[in-house]
Amino acid sequence: MKRLSPKERLLRQICGQEVDEVPTIGGWIGGAHVLAALAGISDAQYLADPYAGMIRANKALGVDAMVSPIYPTTLEQIRTGHVSEADHADVEPEALVAYAQSLPDNERDVLKTFQAAEVEQKFRHFFETAFARWEGMIPIPNFWHLCGHFPLYHQFGYVAFLSACALYPEAVHKIWRTRSLISNASSKILAQLYREYDLVPLMFGGEDLCNNQGPMVDPGFLRRYYFPTVRLCIEPLLEIGVRFIHHCDGDVRPLADDFLATGFTGFQGFQYETGVDPYELRQKCGAHGEELLFFAGLSVSRTLPFGKPADVREEVDYFLDFTEGGRGLFLFTSNVTGVEVPPENIRTAYRYIKEWNPRQKLLSVRRQWPWAVSHPGDMA
């Protein structure tokens, strides 16, 4: 078939149509030195304009699209979004009750302070920056505040938040719902921009609900108090046909069906070392029978940092196996890659997937995650 543009490739993959190669996604590569190496520039050149360096690195990989990019601005920067419980040592669960009581009690009052024009401008700035600077790479938004508001631990700490979930569920729910009403209003604006800009109908999101042992709180609690607020957030975009991909940190197996029931029709990740089996997920479908999409899922805890190029190629083959030759597959990382990842491993993955001919269909022969086979003692 003819060579497809990145947008054509993404659209056809979403629809289950034939593509010329498996689509690839970038934007979650960490480490200033790693990005500089991928971009083919010096560390100093990268640091002079980190945003431009990040774009150059992803363009060098040949990615079709980028999620909202995360990139370091110093050589020492290792991670973003870190939460230290020590910063919340004096916070009690009753703080969430007091905060909930300070919030309006009805939707009209919640939305009184909603700044629609400001929200629209922020969205436009993101997309127009992408169109102007991303050199043809397609934007796939991951506006976290539009896909749920679970991690109140950023504001109150883990102990106070998780304790409040058990002691004061109605207060926690009120906080989630109040914020989700704002997200619903924002999503209505974003839905208009999806139409105006003729965007690829994909969005990536979903907050971390799990650690390596499973859900942080009882799934029954989430079904009653949390997932309805997530649906409220994303409903306006679901109504125009946007496909939502849920981020999968930790052991998400007990919640996978809940993600799908809420409206998500794909998964991103995964932490295979927790027991997550993509073959099992492959057997599921969306709430309306949609075949699932997979932003899979190069391991940033094992294969990419500690493997060799041969391990990386074997992991890509694993993705091709469980998707029966790349159907619904978009090559991505399981999370933001770290400073310890050899740039050649990242290059190898993206180069190797482009060599695969999607017309060479595979049977989904079930097998273990390759790293677990080659490193059986390294699964903790």
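All of the points below concern the structure found in this document. (Residues numbered from 1 in each chain as written. Predicted model: local features only at pLDDT ≥ 70, side-chain atom pairs only at ≥ 80, totals over all residues. Heavy atoms only, no water.)

**With respect to the pairing of strand β4 (residues 202-205)**
- Side chains Leu202 and Phe204 of β4 all project onto a buried face; the interleaved residues Met203 and Gly205 project onto the opposite face, where all are buried too.
- Direction of pairing for β4 relative to strand β7 (residues 243-247): parallel, over a ladder of four bridges. Along β7, the bridge assignment pairs Met203 with Phe244. (Buried < 20%, exposed > 50% of the residue type's maximum accessible area, 1.4 Å probe, protein only. Helix = DSSP H or I, 4+ residues; strand = E, 2+ residues; numbered from the N terminus. Pairing = 2+ DSSP bridges.)

**What about the pattern of salt bridges?**
- Scanning the model with the defined rule gives 28 salt bridges in all.
- Between Asp277 and Arg366 there is a salt bridge; the shortest N-O distance is 2.5 Å. With Asp277 in the loop between β8 (266-269) and α13 (278-282) and Arg366 in the loop between α16 (343-355) and α17 (370-374), this residue pair connects regions lying 89 residues apart in the sequence.
- Glu280 is the salt-bridge partner of Arg366, the closest N and O atoms lying 3.4 Å from each other. (Salt bridge = Lys/Arg side-chain N within 4 Å of Asp/Glu carboxyl O.)

**A look at the sheet that holds strand β2 (residues 65-67)**
- Ordered by their spatial adjacency, three strands build an open sheet running β1-β2-β3, and the pairing between neighbours is parallel. A strand with exactly one partner marks an edge of an open sheet, and here the two such strands are β1 (25-26) and β3 (138-140).

**Some details on unusual backbone geometry**
- The omega angle of the peptide bond from Gly269 to Phe270 is 20°, so this bond is cis rather than trans.
- With respect to the helices and strands, the residue Phe270 is situated in the loop between β8 and α13.
- Across the junction of Ala296 and Gly297, the peptide omega takes the value -20°, indicating a cis bond.
- By the element assignment, Gly297 lies in strand β9 (residues 293-298).
- The phi dihedral of Asp198 is positive, around 55°, even though this residue is not glycine.
- When you line up the elements, Asp198 lands in the loop between α10 (169-196) and β4.

**Re the pairing of β8**
- Here β8 shows no split at all, with Gly266 and Gln268 on one side and Phe267 and Gly269 on the other all buried.
- The pairing of β7 with β8 spans two bridges and is classified as parallel. Each residue of the ladder has a partner; that of His246, found in β8, is Phe267.
- Regarding topology, helix α12 (residues 256-262) serves as the crossover connection from β7 to the parallel β8, and that connection is right-handed. (Right-handed = clockwise from strand over helix to strand, strands pointing away.)

**Considerations on the sheet that holds β8**
- Strand order across the open sheet formed by five strands is β4-β7-β8-β9-β10, with parallel pairing between neighbours. Edge strands, defined here as strands with exactly one partner in the open sheet, are β4 and β10 (329-333). Taken pair by pair, the neighbouring strands of this sheet meet at an average axis angle of 25°, ignoring direction.
- As judged from the four bridges shared by β8 and β9, these two strands associate in the parallel manner. The residue of β9 that forms the bridge with Gly269 is Ala296. (Axes fitted to C-alpha atoms, helices over the stretch in contact; angles between N-to-C directions.)

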